[in-house]
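Here is how the chains run, residue by residue.
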Amino acid sequence: MDDQPFAGRQDAFLRLHQNLTAPPVFVGRRKIGKTALLREIASRPSDALVGVYVASGLLQDAHWLHRLYQTILGTLAQHNLQPSLAEAPPEDHTALQAWFTSVCLPSVFRVLHQRRLVLLIDDMNSADHLDYLHSIAGPQFSLVFSLDLQHEDLLTTQTAFRLSRLTYEQIAMLFPEETIDRVYRQTGGEPVLVQRFLEHGDDHQTIYTQSVDDFKLWW
């Protein structure tokens, strides 16, 4: 795992780990850090969970379940976990759903031992396949979504965790005391900008070059 600090989302990590049986939905506007958060969770397997990042739009793909199980197996391989599948996946979609629940997931759970498989589904924008995914969630399988503000109507029984700009106090935990004021003033607490200051330090030209398209009106 990359040791680069991750900008100020410890509260989101804590909320997820405290609520694995009923995880929150991460809600926020564009560029607030939803994708970065889910990717970071996926990069940090723990004794409690292994997260699998599911890219925006995958569930709208015609072959979504094929892509989903391939994504799961690919992520596990990155963590040196190799499920042994008793049967190859069928081509028929209905048969594939049965295979996924009766062959694929049990094989995954065996290599995870007591850890939970958590699908981190980014930028959910429709209810496609949610009924099926919720129907197979259980003691070792959880779903975590991120939603843009315009899709809040997709929230059902899950609790929303609203992502916002980082506070001065959160930034103070990430930077030396002499730079806190400057970083907060120049970033306004925007997570993507804070992360770039973490990555590039005092290389203001690089930070500006990478950020100008999104934030040039601020500067």
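It should be noted that the structure appears before, not after, this text.
My aim in this report is to walk through the structure given alongside it, one point at a time.

Rules used throughout
Residues numbered from 1 in each chain as written. Predicted model: local features only at pLDDT ≥ 70, side-chain atom pairs only at ≥ 80, totals over all residues. Heavy atoms only, no water. Salt bridge = Lys/Arg side-chain N within 4 Å of Asp/Glu carboxyl O. Buried < 20%, exposed > 50% of the residue type's maximum accessible area, 1.4 Å probe, protein only. Helix = DSSP H or I, 4+ residues; strand = E, 2+ residues; numbered from the N terminus. Axes fitted to C-alpha atoms, helices over the stretch in contact; angles between N-to-C directions. Parallel < 35°, antiparallel > 145°, perpendicular 65-115°, else oblique. Contact = heavy atoms within 4.5 Å. Nonpolar A, V, L, I, M, F, W, Y, C, P; charged D, E, K, R; others polar.

**Description of the pattern of salt bridges**
Taken as a whole and assessed by the stated rule, the structure comprises 5 salt bridges. Asp61 serves as the salt-bridge partner of Arg67, at 3.2 Å between the closest nitrogen and oxygen. Residue classification places Arg67 among the partly exposed residues on the basis of a relative accessible area of 34%. Of the charged contacts, one joins Arg162 and Glu152 as a salt bridge, the two residues approaching to 2.6 Å between their closest N and O atoms. With Arg162 in strand S5 (residues 160-162) and Glu152 in the loop between strand S4 (141-148) and S5, this residue pair connects regions lying 10 residues apart in the sequence. Given a relative accessible area of 28%, Glu152 falls into the partly exposed group. Connected through shared salt-bridge partners, Arg29, Arg165 and Glu190 make up one network.

**Examining the packing of helix H3 (residues 64-78) against helix H4 (residues 93-112)**
Contact pair H3 / H4: the axes reach a minimum separation of 11 Å and the direction vectors enclose 10°. The orientation of H3 relative to H4 falls into the category roughly parallel. Together, Trp64, Leu65, His66, Leu68, Tyr69, Ile72, Leu73 and Leu76 of H3 and His93, Leu96, Gln97, Trp99, Phe100, Cys104, Val108, Val111 and Leu112 of H4 make up the contact between the two elements. Split by residue class, the contact of H3 with H4 holds 14 nonpolar, 3 polar and no charged.

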